[in-house]
Amino acid sequence: MPVKRLELQFFNEGGTRVTFGLADPKDNLTDGEVKSAMEAMLSQGAFTSANGDLVAIAGARLVSREVSEFAVTE
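Numbers given for residues are sequential positions, taken from 1 along each chain in its written order. Where local features are concerned, this predicted model is filtered to residues with pLDDT of at least 70; where side-chain atom pairs are given and counted, the filter is 80 or more; whole-chain, interface and lining totals use all residues. Side-chain figures throughout are based on the complete set of non-hydrogen atoms in the structure, without hydrogens or water.

**Student:** How would you summarise the pattern of salt bridges if you had to cite specific residues and measurements?
**Tutor:** Any Lys or Arg side-chain nitrogen found within 4 Å of a carboxyl oxygen on Asp or Glu counts as a salt bridge. Considering all chains together, one arrives at 4 salt bridges under this definition. With its nearest N and O atoms 3.1 Å apart, the salt bridge here joins Glu 7 to Arg 5. Residues Glu 7 and Arg 61 are paired through a salt bridge, measuring 2.6 Å at the closest nitrogen-oxygen approach. Linking Glu 7 in strand β1 (residues 2-12) with Arg 61 in strand β4 (residues 52-66), this pair joins segments that are 54 residues apart in sequence. Each residue is assigned to one of three classes by its accessible area relative to the maximum for its type, calculated with a 1.4 Å probe on protein chains only: buried under 20%, partly exposed between the two thresholds, exposed over 50%. The class for Arg 61 is partly exposed, based on a relative accessible area of 46%. Counted as one network, the salt bridges with shared partners bring together Arg 5, Glu 7 and Arg 61. Numbering of helices and strands starts at the N terminus; helices are DSSP runs of H or I of at least 4 residues and strands are runs of E of at least 2.

Here is the structure:
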């Protein structure tokens, strides 16, 4: 079963990269939708980190992996 994760990457005040991972993002996200959401997160000051507030967008990516589980439990 494929597993998808949207990773939103920001820089904080200390210059460190901070990544937020969101499981099961909706299909067909556009660059514009992702950028708008990230800009809203920055403008609202919704999140902070150990090295300060988030100050800039570093990037975003959709990570997909295949997961197959074994039937080893009863």
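**Student:** Report on the packing of aromatic side chains, specifying residues and quantitative values.
**Tutor:** Each aromatic ring pair is characterised by the separation of its centres together with the angle its planes make. Aromatic pairs are defined between Phe, Tyr and Trp rings, using the six-membered ring for Trp, whenever the two ring centres lie within 6.5 Å; interplanar angles under 30 degrees are classed as stacked, those over 60 as edge-to-face, and all others as tilted. Under the definition given, this model contains 2 aromatic pairs. A centroid spacing of 4.7 Å and a plane angle of 45 degrees characterise the contact between Phe 20 and Phe 47, whose relative ring orientation is tilted. In this pair, Phe 20 sits in strand β2 (residues 17-23) while Phe 47 sits in the loop between α1 (31-44) and β3 (48-49), placing the two residues 27 residues apart along the sequence. Taken together, the aromatic side chains of Phe 10, Phe 20 and Phe 47 make up a single cluster linked through ring pairs.

**Student:** Could you give an account of the layout of surface pockets, with specific residues and numbers?
**Tutor:** The rule is simple: put a 1 Å grid over the protein atoms alone, call a set of points where a 1.4 Å probe fits but cannot get out a cavity, call an open set with protein on both sides within 12 Å along at least five of seven lines a pocket, and count a residue as lining if it has an atom within 4 Å of a point. Grid points are joined across faces, edges and corners, and a volume is the space filled by probe spheres set on the points. Here the largest pocket is characterised by a volume of approximately 160 Å³. If you list the elements that add at least two residues to the lining of the largest pocket, you get α1 and β4. A per-element tally of the lining of the largest pocket places β4 first, with 3 residues. Amino acid classes used here: Ala, Val, Leu, Ile, Met, Phe, Trp, Tyr, Cys and Pro are nonpolar; Asp, Glu, Lys and Arg are charged; the rest, including Gly, are polar. Of the residues belonging to the lining of the largest pocket, the class tally is 5 nonpolar, 2 polar and 3 charged.

**Student:** Give me the lowdown on the nonpolar core, citing residues and values where you can.
**Tutor:** What tends to happen in soluble globular proteins is that the nonpolar side chains get buried as a cluster. By convention a nonpolar core is built from buried Ala, Val, Leu, Ile, Met, Phe, Trp, Tyr and Cys residues, the set being connected through side-chain atoms within 4.5 Å. Membership of the largest hydrophobic core is limited to 8 residues, which are Leu 6, Leu 8, Phe 10, Val 18, Val 34, Met 38, Met 41 and Leu 54. If sequence neighbours within four positions are ignored, Leu 6 has contacts with Phe 20, Gly 21, Leu 22, Pro 25, Leu 29, Arg 61 and Leu 62. Residues count as neighbours in contact if any of their non-hydrogen atoms are within 4.5 Å of one another.

**Student:** Account for unusual backbone geometry, with residues named and values stated.
**Tutor:** Located in the positive-phi region is Asp 24, a residue other than glycine, with phi close to 55 degrees. Residue position: Asp 24 is located in the loop between β2 and α1. The phi dihedral of Asn 28 is positive, around 65 degrees, even though this residue is not glycine. If you trace the backbone, Asn 28 turns up in the loop between β2 and α1.

The values reported here are purely geometric and, on their own, carry no functional implication.
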